[in-house]
Amino acid sequence: MGRLENKMALIIGGTSGIGEAVARAFADEGAKVAVAGRKETDGKRIVDEIEENDGKAIFIRIDTTKAEDLKKGFSKMIEEFGTIDILYNGAGIHDSYQNAVETDEEMYDKLMEVNVKGPFLAAREVLPVMLEKGKGTIINIGSQSTFVAGAGGSSYVTSKHAIEGFTKQLTYDFGSKGIKANLIAPGFITTPMVEGVNEERLKDIPAQRAGKPEEVASIAVFLASEESDYVQGASIKMDGGWTVGR
Ligand SMILES: NC(=O)c1ccc[n+]([C@@H]2O[C@H](COP(=O)([O-])OP(=O)(O)OC[C@H]3O[C@@H](n4cnc5c(N)ncnc54)[C@H](O)[C@@H]3O)[C@@H](O)[C@H]2O)c1
Ligand SMILES: CC(=O)[C@H](C)O
């Protein structure tokens, strides 16, 4: 029996990188997964592969900058799966290390829209169902940029600090009503987002390597499972030790 047997999970940002690994890991643990994102071809490929592996998955097209997409996408999930137990808020974009002078308003707004407002809109959509059940799990994704400067630029680092605040407030408001909200704060993980990060940067990591999406996914499984029911409002660092020297 898997650790997420009979759980229904919405994986936003599930069509690549860490989100894809989370979708696969949740399905391996017995969850039914709605893989949500903008990239239909990738999403459908992942769903097919999960199903070939005896998992249960659907693809839902969601652009998290559109509240309407979240509403429709979530309705589709409820139609197919009947309920939701786990929201994984994994969509995100980087700002290519632009400092405050280099960052134009459009870039700043986009970063906040995807990295902060999207998770808020998604949580707002699913919370009424979770609250009615008196149980639900929300996992947000921070970064080492949640704690320190230097792994992003002005808008990325601001957004990743903000998402920690949102996670805490979710716990403050809804922890006593059965909602478990936590943040995973990965360091450098080998995904499309960090392609091109040079080897010199990786030498700064005590672990002497980048992390793997599957390593983030195993923490997500723990946070989604009942094993972590006393972990609430936490920010779990997994950065190979990078932040200890900052
Ligand atoms: N890779 C790393 O080193 C690293 C480190 C710390 C945190 N993170 C965070 O992990 C999360 C996943 O990133 P990743 O590294 O897997 O990179 P990624 O680029 O593979 O994943 C980001 C996903 O978000 C999706 N996305 C972006 N904008 C969207 C939108 N408007 N609507 C729906 N989906 C959208 C992308 O399509 C993609 O699937 C991000 O929040 C990122 O900030 C990554
Ligand atoms: C992409 C990211 O969050 C950095 C590397 O921490």
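Residues numbered from 1 in each chain as written. Chains lettered and ligands numbered in written order. Predicted model: local features only at pLDDT ≥ 70, side-chain atom pairs only at ≥ 80, totals over all residues. Heavy atoms only, no water.

- Under an unreviewed UniProt entry, the name given to the protein chain is Diacetyl reductase [(S)-acetoin forming], and the organism recorded is Salinicoccus halodurans.
- The UniProt entry for the protein chain carries the following text under Sequence similarities (unreviewed entry): "Belongs to the short-chain dehydrogenases/reductases (SDR) family." (UniProt positions renumbered as here; feature names shortened; annotations may be inferred.)

What to know about the overall build of the protein chain
In step 1: For the protein chain, the helix and strand inventory stands at 7 helices and 7 strands.
In step 2: Beginning at the N terminus, the succession of helices and strands in the protein chain can be written as β-α-β-α-β-α-β-α-β-α-β-α-α-β.
In step 3: Dimensions of the protein chain, computed from the C-alpha atoms along their principal axes, are close to 45 × 35 × 35 Å.
In step 4: For the protein chain, the residues scored as buried account for 50% of the 246 residues in total.
In step 5: Considering only residue pairs separated by 6 or more positions, the protein chain has 70% of its internal contacts joining residues 24 or more positions apart.
In step 6: Side chains of the protein chain give 29 positive and 38 negative charges; the mean places of these two sets differ by 2 Å. (Helix = DSSP H or I, 4+ residues; strand = E, 2+ residues; numbered from the N terminus. Buried < 20%, exposed > 50% of the residue type's maximum accessible area, 1.4 Å probe, protein only. Contact = heavy atoms within 4.5 Å. Lys, Arg positive; Asp, Glu negative; His and termini not counted. Charge placed at Lys NZ, Arg CZ, Asp CG, Glu CD.)

Things to note about the pairing of strand β6 (residues 179-186)
In step 1: Along β6, 8 of the 8 residues are buried, which leaves the element largely enclosed by surrounding structure.
In step 2: In β6, alternate side chains face the same way, and those of Ile179, Ala181, Leu183 and Ala185 on one face and Lys180, Asn182, Ile184 and Pro186 on the other are all buried.
In step 3: Pairing of strand β5 (residues 136-141) with β6 involves 6 bridges; the strand directions are parallel. Pairing of Ile138 across the sheet is with Ala181, part of β6.
In step 4: Each parallel crossover has a hand, and for β5 linked through helix α5 (residues 154-174) to β6 it is right-handed.
In step 5: As judged from the 4 bridges shared by β6 and strand β7 (residues 235-238), these two strands associate in the parallel manner. (Pairing = 2+ DSSP bridges. Right-handed = clockwise from strand over helix to strand, strands pointing away.)

A few points about the site of ligand 2
In step 1: The full set of residues close to ligand 2 is His94, Ser143, Gln144, Ala151, Tyr156, Phe188, Met193 and Val194.
In step 2: Side-chain polar atom of Ser143 to an oxygen atom of ligand 2: 2.9 Å apart, as the coordinates give it.
In step 3: At a separation of 2.5 Å, an oxygen atom of ligand 2 approaches a polar side-chain atom of Tyr156.
In step 4: Expressed as a share of its isolated accessible area of 220 Å², the protein-covered part of ligand 2 is 94%.
In step 5: Assessed atom by atom at 2 Å from the grid points, ligand 2 resides in the largest pocket.
In step 6: Each residue belonging to the shell around ligand 2 can be placed in one class, and the counts come to 5 nonpolar, 3 polar and no charged. (Near = heavy atom within 4 Å. Polar contact = N/O pair within 3.5 Å; in protein donor to acceptor, adjacent residues only side chain to side chain. Areas by Shrake-Rupley, 256 points an atom, 1.4 Å probe, with all protein chains shown as cover. 1 Å grid on protein atoms, 1.4 Å probe; cavity = no way out; pocket = protein on both sides within 12 Å on 5 of 7 lines; lining within 4 Å. Sits in = over half its atoms within 2 Å of the grid points. Nonpolar A, V, L, I, M, F, W, Y, C, P; charged D, E, K, R; others polar.)

As for the site of ligand 1
In step 1: Ligand 1 sits among 29 residues. The nearest are Ser16, Ile18, Tyr156, Ile189 and Thr191.
In step 2: The side chain of Lys39 places a nitrogen or oxygen atom 3.5 Å from an oxygen atom of ligand 1.
In step 3: Compared with its free state, where it exposes 810 Å², ligand 1 has 96% of that area covered by protein.
In step 4: Spatially, ligand 1 is embedded in the largest pocket.
In step 5: Put simply, the parts of the chain that give the shell around ligand 1 at least two residues each are α1 (17-28) and α5.
In step 6: Residues of the shell around ligand 1, tallied by class, amount to 13 nonpolar, 12 polar and 4 charged.

With respect to the environment of Val22
In step 1: Position of Val22 relative to the elements: it lies in helix α1.
In step 2: Residue class for Val22 comes out buried when judged on its relative accessible area of 0%.
In step 3: A sequence separation of 196 residues divides Val22 from Ser218, and the C-alpha atoms of the two residues are 7.8 Å apart.
In step 4: Ignoring any residue separated from it by four or fewer positions in sequence, one finds Val22 in contact with Ile11, Tyr88, Ala217 and Ala220.

Some details on the confidence of the model for the protein chain
Atomic detail in the predicted coordinates should be set aside for any region of low pLDDT.
In step 1: With 100% of its residues at a pLDDT of at least 70, the protein chain reaches an overall mean of 97.
In step 2: As a predicted assembly, this complex carries a pTM of 0.98 together with an ipTM value of 0.98. (pLDDT = per-residue confidence, 0-100.)

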